[in-house]
Amino acid sequence: DPEIWFTEKYGNNVGLTFKVKEILNTQISKYQRLDIIDTYEFGKVMLLDGLVMLTQKDEFVYHEMISAPAVMSLKNRNKALIIGGGDGGTARELTKYDFDKIIEVEIDEVVVENSKKFLDFTACGYNDKRVEIIIGDGVEFVKNTNEKFDLVIIDSTDPFGAAEGLFSGEFYSNVYNILNNDGIVVAQAENPYYNPDWFLKSRRNMQKAFGLNTLNYCAFIPTYPSGMWLFSIGYKNIDLHDYFNEELYKKNANSYKYYNSQIHKACFALPQFVLKLI
Ligand code: AG3
């Protein structure tokens, strides 16, 4: 029996390889190539331009960790904004809470369509009536909107092509402007092993907009490059270290597979080589 294997290369010398059960769909959109494959170890996998965006087995880590730490630090949960996140996983996480409105601005409708068709475990986020999907450019949206948000989550691809603008200083300062007074922004910020420059770009540009109110934290995601994934947080007039919403946490504690109150504290501890970078 012939075997099909897929490899995401991390530069020229390292990669992560999956044994493929079935190729479910391949489509070229206006922005990128999308593949949905079924794998033996990690279940369904979505690839954009040959890069792993999520797998059925470990997406819970990324989606819980891009949302829960910030949500537990929020004073208000009226409106949330997701930039990117076309698979619905981040939306799914936010629907656990009592936000009034969750707006998602995804540039590529092909990602949303394929997620609805093949990735019910993340696209189920779209079943909630509070979630509104806008197909459009997040950079333009934050520049032009008059709405204010309590939470902005930037769930992007790597910082080139369609996502390049989502790592810029101008973009983060526009995000600052659409955040309420006690608002928080979280952005996926790559990994410190293969792409320290990308992480630093996220960190530095977030700092340009939020100054000292900038933090990074990490989570362990086996199918992303190096497995160690960083996030950048910017927050406004609150003390992020000071406030943990115990009541909200208790209400949702059973829903998490990665996040818990210990992780909430521990994830902000960064290894020495990462601290030296920043
Ligand atoms: N967004 C972050 C994916 C970055 C992974 N990079 C890579 N494999 N080279 C994922 C979207 C999930 N909602």
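What you are looking at is a predicted structure, and each value in this text was computed from that prediction instead of being measured. (Residues numbered from 1 in each chain as written. Predicted model: local features only at pLDDT ≥ 70, side-chain atom pairs only at ≥ 80, totals over all residues. Heavy atoms only, no water.)

Visitor: How would you summarise the side chain of Arg92 if you had to cite specific residues and measurements?
Guide: Position of Arg92 among the secondary structure elements: in helix 3 (residues 89–94). A polar atom in the side chain of Arg92 sits 2.8 Å from the backbone oxygen of Phe121. Arg92 has contacts with Glu59, Phe60, His63, Phe121, Thr122, Cys124 and Gly125, leaving out every residue within four places of it along the chain. (Helix = DSSP H or I, 4+ residues; strand = E, 2+ residues; numbered from the N terminus. Polar contact = N/O pair within 3.5 Å; in protein donor to acceptor, adjacent residues only side chain to side chain. Contact = heavy atoms within 4.5 Å.)

Visitor: Kindly report on empty space enclosed by the protein, identifying the contributing residues and their values.
Guide: One water molecule sets the probe size; rolling that probe over the atoms shows where empty space is left. Across all of its chains, the model carries one cavity of 30 Å³ or more by this definition. Of the volumes computed, that of the largest cavity is approximately 400 Å³. Among the elements of the structure, strand 4 (43–48), strand 5 (51–55), helix 1 (59–65), strand 6 (79–84) and strand 7 (101–106) are those that each provide at least two residues to the lining of the largest cavity. Of the residues forming the lining of the largest cavity, the biggest block, four residues, is contributed by strand 5. Along the lines of polarity and charge, the residues of the lining of the largest cavity split into 17 nonpolar, ten polar and seven charged. Both of domain 1 (4–55) and domain 2 (59–277) provide at least three residues apiece to the lining of the largest cavity. (1 Å grid on protein atoms, 1.4 Å probe; cavity = no way out; pocket = protein on both sides within 12 Å on 5 of 7 lines; lining within 4 Å. Points joined across faces, edges and corners; volume = space filled by probe spheres on them. Nonpolar A, V, L, I, M, F, W, Y, C, P; charged D, E, K, R; others polar. Domains from an automatic or database assignment.)

Visitor: Which residues make up the environment of Gly85, and what values go with them?
Guide: Along the chain, Gly85 turns up in the loop between strand 6 and helix 3. Expressed as a C-alpha distance, the spacing of Gly85 and Gly43, which sit 42 residues apart in the sequence, is 19 Å. With residues up to four places along the chain from it excluded, the contact list for Gly85 reads Glu104, Glu106, Tyr126 and Asp155.

Visitor: Outline the sheet that holds strand 6, listing residues and values.
Guide: Pairing is mixed in the open sheet, where seven strands are placed in the order 8-7-6-9-10-12-11. Either end of the sheet is taken by a strand with one partner, and the two such strands are strand 8 (131–135) and strand 11 (214–220). Geometrically, the sheet is characterised by an average inter-axis angle of 20° between neighbouring strands, direction not taken into account. Here helix 4 (residues 109–118) sits on the sheet in contact with strand 7 and strand 8, set at roughly 135° to strand 8. (Pairing = 2+ DSSP bridges. Axes fitted to C-alpha atoms, helices over the stretch in contact; angles between N-to-C directions.)

Visitor: Please provide a residue-by-residue account of the sheet that holds strand 2 (residues 14–28), values included.
Guide: With respect to topology, five strands assemble into an open sheet ordered 1-2-3-4-5, the strand pairing being antiparallel. If you trace the sheet from one side to the other, it starts and ends with strand 1 (4–10) and strand 5, each paired once. Within the sheet, the average angular offset between the axes of one strand and its neighbour, ignoring direction, is 45°. Bridge count between strand 3 (residues 33–39) and strand 4: six bridges; the pairing is antiparallel. Counterpart to Ile36 in the pairing with strand 4 is Met46.

Visitor: Give a description of the layout of surface pockets that names residues and reports values.
Guide: The calculated volume of the largest pocket comes to roughly 190 Å³. Lining the largest pocket are Leu240, His241, Asp242, Tyr243, Phe244, Glu246, Ser261, Gln262, His264, Lys265 and Phe268. In terms of residues, the lining of the largest pocket owes the most to one element, helix 10 (residues 261–266), which gives four residues. Across the lining of the largest pocket, the residue classes tally to four nonpolar, four polar and three charged. Of the pockets and cavities examined, the second largest pocket occupies roughly 150 Å³. For the lining of the second largest pocket, the element with the highest residue contribution is strand 1, accounting for three residues. If you count residues domain by domain, the lining of the second largest pocket takes at least three from each of domain 1 (4–55) and domain 2 (59–277).

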